[in-house]
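A look at the structure
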Amino acid sequence: MQTSQDLAVDAEELGRGGHGSLTGSLSVRRGFAFLAFAGIAWGTTGAAVEVIYRISGLGPMAISFWRFLAGAVLLLPAWALRPSRKAPRAPQPAGRRVLLVCTGVGLAVFQTAYFAAVRDTGLAVGTIVTLGAAPVFTAAGGRLFLGERIRRAGALAGAGALAGLTVLVLANQPGVVHPAGVAMALLSAVGYAVTNLLGRWTGRHGTGVDAFPLTLWSFLIGAVVMLPLALHEGLLPQGGNLTEAALLMLYIAAVTTALAYPLYFAGVAVLRAATASVMMLLEPVSAAVLAVLFLDEQLTAATVAGTVILLGAIAALALAESRLQAKHKMP
């Protein structure tokens, strides 16, 4: 297994569409393994955050700030040692700074609202609603701002996702799903969609920002954006088991941020985007399992039914897109 530093450097190369060492050596099987690790690791983030809530008194603003800051600090050595830094600097497009700021803000909204959703409505529901709604918002944003067509499969998947969300939210008994938490999850999905659409726009128009530097700068900008909010909320723990809280924050920063993101970038470079989308469904599944096994959350019949409908719709969309890509590549 390569170190996170090596993977970060290789992931940057792959983000440019280059043909570096990892492109030649990374197999599809290893790409699957990288995405599986990233999806499962990200599924543990909400569980770790919920435990931090219970033992430290920290809120979502503070946790988001510390994750951004620690993740950026852990990625800085890889950025400093990357081979491309020795190459001559190319002229930077005028929109580069706007892209970095917008991506950082979008990531801050995505992460912080997700942490708030976990606090308000639980890990399982918060994760499922966020990751179920995000593809729908992304498709809608792609149609409105990028001129992307919504094909029949996309429309059906969007309708299925909305149906799943409706069952999940309305069919449960009062108190099982909290509206404030669902609202935060939907806001998180909007933040995710914004960062996704910015990535697509970057790929089409070019901004001089590769995948790895974009991630690092997004973390740094996210930390700056979150600092005043975290200070207002309370930047430091208010008691409890500070050692356990610090270890969990280190796990979130090191494993689910500094390691998982480079692995994700490396994996998506060798797999179809639709395949990667299906693999990322491991995140809500692993989050739901952890919620039931370790956090004493209950999965009602309505929650299970809504989850199956929602995630099934997204999986169907990914498979349809995969078939479309394969058809276009046929001679």
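Residues numbered from 1 in each chain as written. Predicted model: local features only at pLDDT ≥ 70, side-chain atom pairs only at ≥ 80, totals over all residues. Heavy atoms only, no water.

Going through the model one piece at a time under the given rule, you end up with 2 salt bridges. Taking the shortest distance from any N to any O, the salt bridge between E50 and R54 comes out at 2.9 Å. Of this pair, E50 and R54 both sit in helix α3 (residues 28-56), 4 residues apart, which is roughly one turn of the helix. Classification of E50 by relative accessible area gives buried; the value is 9%. (Salt bridge = Lys/Arg side-chain N within 4 Å of Asp/Glu carboxyl O. Helix = DSSP H or I, 4+ residues; strand = E, 2+ residues; numbered from the N terminus. Buried < 20%, exposed > 50% of the residue type's maximum accessible area, 1.4 Å probe, protein only.)

Next up on the list: unusual backbone geometry. A positive phi is found at D296, a non-glycine position, where the angle reads about 60 degrees. Given the relative accessible area of 64%, D296 is considered exposed.

Moving on: the nonpolar core. Within the largest apolar cluster, 47 residues are counted, with the highest numbers of intra-cluster contacts made by I52, I63, F68, L123 and F219. Mapped onto this core, the elements with two or more residues apiece are α3, α4 (60-81), α5 (96-121), α6 (123-145), α9 (211-233), α10 (242-268) and α12 (282-294). Broken down by element, this core gets its largest block of residues, 10 residues, from α3. In this structure, F219 is in contact with F68, G71, A72, L75, L107, T257 and Y261, ignoring residues within four places of it in sequence. A117, V129, A161 and L311 belong to the second largest nonpolar core, which has 19 residues in total. (Core = buried A, V, L, I, M, F, W, Y, C linked by side-chain atoms within 4.5 Å. Contact = heavy atoms within 4.5 Å.)

Moving on: a nonpolar patch on the surface. Taken together, the side chains of V285, V289, V292, L293, F294, L299, V304 and V308 define a hydrophobic patch exposed on the protein surface, amounting to about 720 Å² of accessible area. Elements with a contribution of two residues or more to the nonpolar patch: α12 and α13 (301-329). A total of 5 residues in the nonpolar patch trace back to one element, the largest contributor, which is α12. By relative accessible area, which is 41% here, V304 ends up partly exposed. (Patch = residues over 30% accessible without salt bridge, like charges linked within 9 Å, V, L, I, M, F, W, Y side chains within 5 Å. Areas by Shrake-Rupley, 256 points an atom, 1.4 Å probe, with all protein chains shown as cover.)

Our focus in this paragraph is α5. In this model, α5 (26 residues) spans 37 Å end to end at C-alpha, consistent with the 38 Å of a helix rising 1.5 Å per residue. Taken from the residues just after α5, G122 is the one with a positive phi, measuring 100 degrees. (Expected span 1.5 Å × (residues − 1).)

Along the polypeptide, L100 turns up in helix α5. Between the C-alpha atoms of L100 and I221, which are 121 residues apart in sequence, the distance is 7.7 Å.

For the rest of this paragraph, the subject is the packing of α3 against α12. At a closest axis distance of 7 Å, the pairing of α3 and α12 adopts a crossing angle of 40 degrees. Of the possible angle classes, the one that applies to α3 and α12 is oblique. Crossing geometry of α3 relative to α12 is assigned as right-handed. Contacts between α3 and α12 involve A36, G39, I40, W42, G43, T44 and A47 on the former and, on the latter, L282, E283, S286, A287 and L290. Looking at the contact of α3 with α12 residue by residue, the class counts come to 7 nonpolar, 4 polar and 1 charged. (Axes fitted to C-alpha atoms, helices over the stretch in contact; angles between N-to-C directions. Parallel < 35°, antiparallel > 145°, perpendicular 65-115°, else oblique. Left-handed = near helix turned anticlockwise from the far one by under 90°. Nonpolar A, V, L, I, M, F, W, Y, C, P; charged D, E, K, R; others polar.)

An ideal rise of 1.5 Å per residue puts 39 Å on 27 residues; α10 measures up with 37 Å between its terminal C-alpha atoms. Its maximal kink placed at A260, α10 deviates by approximately 40 degrees, while the proline P262 follows within four residues. Where α10 begins, the capping side chain belongs to N241, and its oxygen is found 3.4 Å from the backbone nitrogen of T243. (Bend = angle between axes of the 7 residues up to and from the residue. Polar contact = N/O pair within 3.5 Å; in protein donor to acceptor, adjacent residues only side chain to side chain.)

Looking now at the confidence of the model for the chain. When pLDDT drops low, the exact placement of atoms in the prediction is not to be read closely. The predicted model of the chain averages 78 in pLDDT, with 77% of residues at 70 or higher. Counting contacts from residues 1-24, a segment whose pLDDT is below 50, to residues more than four positions away or on other chains yields 44 contacts. (pLDDT = per-residue confidence, 0-100.)

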